[in-house]
Amino acid sequence: MVVYYQIAGKQVGSHVLAMGVLGALFGGVGLATRGGSQPKPATPPIQASSKDEETFIQDFLKQVNGEEKKKDH
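Residues numbered from 1 in each chain as written. Predicted model: local features only at pLDDT ≥ 70, side-chain atom pairs only at ≥ 80, totals over all residues. Heavy atoms only, no water.

Per an unreviewed UniProt entry, the protein is named ATP synthase subunit K, mitochondrial, and its organism is Aspergillus phoenicis ATCC 13157.

Below, the structure is given as C-alpha cells:
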C-alpha cells in the first residue's frame, strides 16, 4: 500500500521519498564524521642574529629530535 505524491510534475511513491530522506541523512552524517587530515605541528620561527647561528640552532634541533626518536623505540 503506497501513497503517491505529486512532486515536480511526477508521481513519487512514499517508499522512494523515505529512502531518499534516509540516504541523505546517513550520507550527510558519514561525510561530516569522516574527519580530516591532522594539522602539522607549527615550529616557532628562528630569530638568529647571523646565518651561522641559525644553522647551529637547526642542526641542534635535528640532533635533539633524532635522539628523542631513538629513545621512543
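Draft legend 1. Molecular detail of unusual backbone geometry. Phi is positive for Ala8, close to 55°, though the residue is something other than glycine. Residue position: Ala8 is located in the loop between strand E1 (4-7) and strand E2 (10-13). Residue class for Ala8 comes out exposed when judged on its relative accessible area of 79%. (Helix = DSSP H or I, 4+ residues; strand = E, 2+ residues; numbered from the N terminus. Buried < 20%, exposed > 50% of the residue type's maximum accessible area, 1.4 Å probe, protein only.)

Draft legend 2. Fine view of a nonpolar patch on the surface. A cluster of nonpolar side chains, namely Val3, Tyr5, Ile7 and Leu17, defines an oily patch on the protein surface of about 320 Å² accessible area. With respect to the element layout, Val3 can be found in the segment before E1. We classify Val3 as partly exposed; its relative accessible area is 45%. (Patch = residues over 30% accessible without salt bridge, like charges linked within 9 Å, V, L, I, M, F, W, Y side chains within 5 Å. Areas by Shrake-Rupley, 256 points an atom, 1.4 Å probe, with all protein chains shown as cover. Salt bridge = Lys/Arg side-chain N within 4 Å of Asp/Glu carboxyl O.)

Draft legend 3. Layout of the domain arrangement of the protein. By domain assignment, the protein separates into domain 1 (1-34) and domain 2 (42-72). Computed over C-alpha atoms only, the centres of domain 1 and domain 2 are separated by 57 Å. (Domains from an automatic or database assignment.)

Draft legend 4. Examining the layout of surface pockets more closely. Quantified by volume, the largest pocket comes out at close to 160 Å³. For the largest pocket, the full set of lining residues is Thr43, Pro44, Ile46, Gln58, Leu61, Lys62 and Asn65. A breakdown of the residues in the lining of the largest pocket according to their chemical character gives three nonpolar, three polar and one charged. (1 Å grid on protein atoms, 1.4 Å probe; cavity = no way out; pocket = protein on both sides within 12 Å on 5 of 7 lines; lining within 4 Å. Points joined across faces, edges and corners; volume = space filled by probe spheres on them. Nonpolar A, V, L, I, M, F, W, Y, C, P; charged D, E, K, R; others polar.)

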